[in-house]
Amino acid sequence: MTQAISRRSGSIRRQILVPFLATVLASLLAVIWYASSTLGDASQSRAQDTLRSRANEEGESMGAMLLRAAAFSRSGASIAHAFLQKEGGFDRVLYSQVLLKELHDNPDFIGFYGGFEPNFDGQDARYAKTPMGDDAGRYLIYAARDAKGQAGITVAPMTGDPAEKFWYRDWE
């Protein structure tokens, strides 16, 4: 009779082993799911903290750079004003050298731009189509680094782009 029961439902070992292995397998899957879920949440939280921290650092760095740029802008305007007040008029070459010096002294800046109203110094005709003026002689100078990091001066004329009208209004 034992053999008859054993044949119908398999051996006793199999009857014990199959549910036991199924329970162990289910438990293992539950542990793996819980561990991956917990570790995934923890790593996502750490990644968010790292990104937030990095964004704060970069924000502080950009804020400091903007403050330096604003300070340079104010000092550049003061220098230009002083040059306009001096006897003999505004010295475009000297102002360009000041821009180059500031570029040299601020290695993390790409360039400095100085743009003035047409004939602000009465010298546009003299400087037309020269390194110190655009085709009409307007002083729109850009001190910048080239691809090799060398500082230089170039004329950066207005392009006529409609966006320029927002930044510069010709009231004439």
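A few points on the structure. Remember, predicted model here, so these are calculated numbers, not experimental data. Position labels on residues start from 1 in each chain and follow its written sequence. Residue-level local features of this predicted model are given only where pLDDT is at least 70; pairs of side-chain atoms are given and counted only at 80 or more, and the full residue set underlies all totals for whole chains, interfaces and linings. The side-chain figures draw on all heavy atoms in the structure; neither hydrogens nor water molecules are used.

### What about the nonpolar core?
Phase 1 of the analysis: Nonpolar cores were defined as sets of buried Ala, Val, Leu, Ile, Met, Phe, Trp, Tyr and Cys residues, with membership established by side-chain atoms within 4.5 Å. Buried means the residue's accessible area, taken with a 1.4 Å probe over protein chains only, is under 20% of the maximum for its type, while exposed means over 50%, and partly exposed covers the values in between. Residues Phe90, Tyr95, Leu99, Phe112, Phe116 and Tyr139 are the most contacted members of the largest nonpolar core, which totals 14 residues.
Phase 2 of the analysis: Numbering of helices and strands starts at the N terminus; helices are DSSP runs of H or I of at least 4 residues and strands are runs of E of at least 2. Breaking this core down by element, the ones donating at least two residues are helix H2 (12-85), helix H3 (92-105) and strand S2 (140-145).
Phase 3 of the analysis: Take this core: its biggest share by element is three residues, from H3.

### So, the environment of Leu99
Phase 1 of the analysis: Position of Leu99 among the secondary structure elements: in helix H3.
Phase 2 of the analysis: What makes Leu99 buried here is its relative accessible area of 1%.
Phase 3 of the analysis: Sequence separation of Leu99 and Ala151 is 52 residues, and the distance between their C-alpha atoms is 9.9 Å.
Phase 4 of the analysis: Those residues in contact with Leu99 that sit more than four places away from it in its chain are Phe72, Phe112, Gly114, Ile141 and Ala143. Residues count as neighbours in contact if any of their non-hydrogen atoms are within 4.5 Å of one another.

### Concerning the side chain of Asp124
Phase 1 of the analysis: One can find Asp124 in helix H4 (residues 124-127).
Phase 2 of the analysis: Residue class for Asp124 comes out buried when judged on its relative accessible area of 7%.
Phase 3 of the analysis: For this analysis, a polar contact is any N or O atom pair within 3.5 Å, provided that within protein one partner can donate a hydrogen and the other can accept it, and provided that sequence-adjacent residues contribute only side-chain to side-chain pairs. A polar atom in the side chain of Asp124 sits 2.7 Å from the side chain of Arg92.
Phase 4 of the analysis: Dropping the residues within four chain positions of it, Asp124 is found in contact with Arg92, Pro118, Asn119, Ala136, Gly137, Arg138 and Tyr139.

### Remarks on unusual backbone geometry
Phase 1 of the analysis: Phi is positive for Asn119, which is not a glycine, with a value near 55 degrees.
Phase 2 of the analysis: Note on placement: Asn119 falls in the loop between strand S1 (111-115) and H4.
Phase 3 of the analysis: For Lys129, which is not glycine, the phi dihedral falls at a positive 55 degrees.
Phase 4 of the analysis: With respect to the element layout, Lys129 can be found in the loop between H4 and S2.

### So, the sheet that holds S2
Phase 1 of the analysis: Should DSSP find at least two bridges between two strands, the strands are regarded as paired. Within the open sheet, the three strands sit side by side as S1-S2-S3. Their pairing is antiparallel. The two strands at the open ends of the sheet, each matched to only one other strand, are S1 and strand S3 (151-155). Strand-to-strand, the axes of this sheet are offset by a mean angle of 15 degrees, without reference to chain direction.
Phase 2 of the analysis: Sheet topology note: the S2/S3 ladder contains five bridges and is antiparallel. What sits directly across from Ile141, in S3, is Val155.
Phase 3 of the analysis: For helices, the fitted line uses only the C-alpha atoms of the stretch in contact; every axis is such a line through C-alpha atoms, and the angle between N-to-C directions lies from 0 to 180 degrees. Set on the sheet, H3 makes contact with S1, S2 and S3; between it and S2 the angle comes to about 25 degrees.

### Some details on the pattern of salt bridges
Phase 1 of the analysis: Each salt bridge in this description consists of a side-chain nitrogen of Lys or Arg and a carboxyl oxygen of Asp or Glu lying within 4 Å of one another. Inspection of the entire model under this criterion finds six salt bridges.
Phase 2 of the analysis: Between Arg68 and Asp108 there is a salt bridge, and its shortest N-O distance comes to 2.8 Å. Taken as a pair, Arg68 in helix H2 and Asp108 in the loop between H3 and S1 lie far apart in primary sequence, 40 residues in all.
Phase 3 of the analysis: When its relative accessible area of 33% is taken as the criterion, Arg68 is described as partly exposed.

Structural measurements only, silent on function.
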